[in-house]
Amino acid sequence: MLNQKNGQNYYLGIDGGGTNCRARLANENLETIAEAKGGPANTTIGDGSQAYGSIIEVGRKVFEIAGLGEAEMGKTIACLGLAGAHLESSRRDFAARTYPFAQTLVHNDVETAREGAHLGHDGAVLIVGTGSAGLAKVDGNLHPVGGWGFHISDMASGAILGRALARRSIEALDGLVSGSPLTDAIAKELGGGCDEIMAWSFKAWPKDFASLVPLFMEFYEKGDPIADEMMAFEFDQIDQFANWFKARGAKKLAIVGGFGVRLLPLLKERHPNFILGARADAQHGALLMAKAAQQS
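Conventions and cut-offs
- Residues numbered from 1 in each chain as written.
- Predicted model: local features only at pLDDT ≥ 70, side-chain atom pairs only at ≥ 80, totals over all residues.
- Heavy atoms only, no water.
- Helix = DSSP H or I, 4+ residues; strand = E, 2+ residues; numbered from the N terminus.
- Rg over C-alpha atoms; globule rule 2.2 N^0.38 Å.
- Buried < 20%, exposed > 50% of the residue type's maximum accessible area, 1.4 Å probe, protein only.
- Pairing = 2+ DSSP bridges.
- Axes fitted to C-alpha atoms, helices over the stretch in contact; angles between N-to-C directions.
- Contact = heavy atoms within 4.5 Å.
- Parallel < 35°, antiparallel > 145°, perpendicular 65-115°, else oblique.
- Nonpolar A, V, L, I, M, F, W, Y, C, P; charged D, E, K, R; others polar.
- Left-handed = near helix turned anticlockwise from the far one by under 90°.
- Salt bridge = Lys/Arg side-chain N within 4 Å of Asp/Glu carboxyl O.

A. Representation of the overall build of the protein within the structure. Within the protein one finds 12 helices and 10 strands. Expected size for 296 residues packed as a compact globule is a radius of gyration near 19 Å; at 20 Å, the protein falls within 12% of this value. A principal-axis box enclosing the C-alpha atoms of the protein has dimensions of 70 × 40 × 30 Å. Within the protein, buried positions represent 51% of all 296 residues.

B. Representation of the sheet that holds strand E2 (residues 21–27) in the model. Taken together, the 5 strands give an open sheet; going across it, the order is E3-E2-E1-E4-E5, and neighbouring strands pair in mixed fashion. Both edges of this open sheet fall to strand E3 (32–38) and strand E5 (103–108), since each of them pairs with a single strand only. In this sheet, adjacent strand axes meet at a mean angle of 15 degrees when their direction is disregarded. Lying over the sheet, helix H1 (residues 49–66) contacts strand E1 (10–16), E2, E3 and strand E4 (76–82), oriented at roughly 140 degrees with respect to E3. On the sheet, helix H12 (residues 282–295) packs against E1, E2, E4 and E5 and is oriented at approximately 135 degrees with respect to E1.

C. Region of interest: the packing of helix H5 (residues 158–174) against helix H6 (residues 181–189). Between H5 and H6, whose axes approach to 9 Å, the crossing angle comes to 100 degrees. Comparing the axis directions of H5 and H6 gives the class roughly perpendicular. Judged by residue contacts, Leu165, Ala166, Arg168, Ser169, Ala172 and Leu173 of H5 engage Leu182, Thr183, Ile186 and Ala187 from H6. Here the residues of the contact of H5 with H6 are counted per class, giving 7 nonpolar, 2 polar and 1 charged.

D. Main features of helix H4 (residues 109–118). Of all 10 residues making up H4, 9 are buried, and the element is well covered by its neighbours. Every buried residue of H4 is listed here: Asp109, Val110, Thr112, Ala113, Arg114, Glu115, Gly116, Ala117 and His118. Phi turns positive, to about 50 degrees, at Leu119, one or two residues after H4.

E. View of the packing of helix H9 (residues 213–220) against helix H10 (residues 225–247). Running from amino to carboxyl end, H9 crosses H10 at an angle of 115 degrees, the nearest separation of the two axes being 9 Å. The pairing of H9 with H10 is recorded here as roughly perpendicular in orientation. When the axes of H9 and H10 are compared, the crossing they make is left-handed. Residue-level contacts link Phe216, Met217, Phe219 and Tyr220 of H9 to Ala227, Asp228, Met230, Met231 and Phe235 of H10.

F. Layout of the sheet that holds strand E10 (residues 275–276). Read from one edge to the other, the open sheet built from 5 strands follows the order E8-E7-E6-E9-E10, with strand pairing classed as mixed. Looking at which strands have only one partner, the edges of the open sheet turn out to be strand E8 (141–146) and E10. Relative to E8, strand E7 (residues 132–138) runs antiparallel, the two sharing 6 bridges. Residue Lys137 lies in a different strand from E8, and its bridge partner there is Leu142.

G. Molecular detail of the pattern of salt bridges. If you walk through the whole model with that rule in mind, you get 10 salt bridges. In this structure, Arg91 engages Glu88 in a salt bridge whose closest nitrogen and oxygen atoms are separated by 2.4 Å. Of the two residues, Arg91 and Glu88 both sit in helix H3 (residues 88–95), 3 residues apart, roughly one turn of that helix. Looking at Glu88, the relative accessible area reads 43%, which means it is partly exposed. Glu221 serves as the salt-bridge partner of Arg262, at 3.6 Å between the closest nitrogen and oxygen. Remark: Glu221 occurs in the loop between H9 and H10 and Arg262 occurs in helix H11 (residues 258–270); sequence separation between them is 41 residues.

H. Quick peek at unusual backbone geometry. Look at Leu30: it is not a glycine, yet its phi comes out positive at around 60 degrees. Note that Leu30 resides in the loop between E2 and E3. A positive phi angle, close to 55 degrees, is found at Asp139, a residue other than glycine. With respect to the helices, strands and loops of the structure, Asp139 is situated in the loop between E7 and E8.

In short, shape yes, function no, at least from these values alone.
What follows is the structure, encoded as structure tokens:
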């Protein structure tokens, strides 16, 4: 536990997702000192070594940007909000690793996102990024939902939508279904032919499928019929979460994540006075949790 009488203390908040992680270093007043960006940090990919490497790298990078070194890292409480840490065994194993900080807290990324989105107050959050997961706090009680991973869950995510796009595009190339300018563009992006798309798929991670979302949005805004069809599916998934949160008494739902932010204006129209943007980001939520851990 840090003791503020021993000089300047620091807090490090890290938001780790399936595509990248973002770090923010703050002083004891939670004023930002420096920020940095690193690689993927999903604890369930492989044995977690990639996520751990990303965390250590971005942690050292943000201290370097701030002009600080190992002595200051030893005065830091770090809070990591990580994709995949929804799984208890994954969170426990990741917390047991060695870190250069005075104290390291490991949480699911949806926990830190929710704290930031509502500045610690009651409310729900839905991450719509590479993956998807939700969490509400109502009268102080937590209600988690989803976030069980790409293979069996994450139905509102960019990765699932991207996989559907790749599948629809290769089916169109085969002549099994109708195509569109969107499926033509996806096929071209993935190599042009069925062989190339198949080879790409063998090496694809969730972040690779999610990388197709900007192309999807481009053609949705042009009125592409297949983009319209797939957007209707995306809305259905988010509506399901919204209704789940309402049934548990949540009064507000913040949408976060790269894909979610793109969809936010449309979602506000679907759920007026309920869906909104986050008051602060997940890194700030992690900083709030780090400071709370010191004060507890």
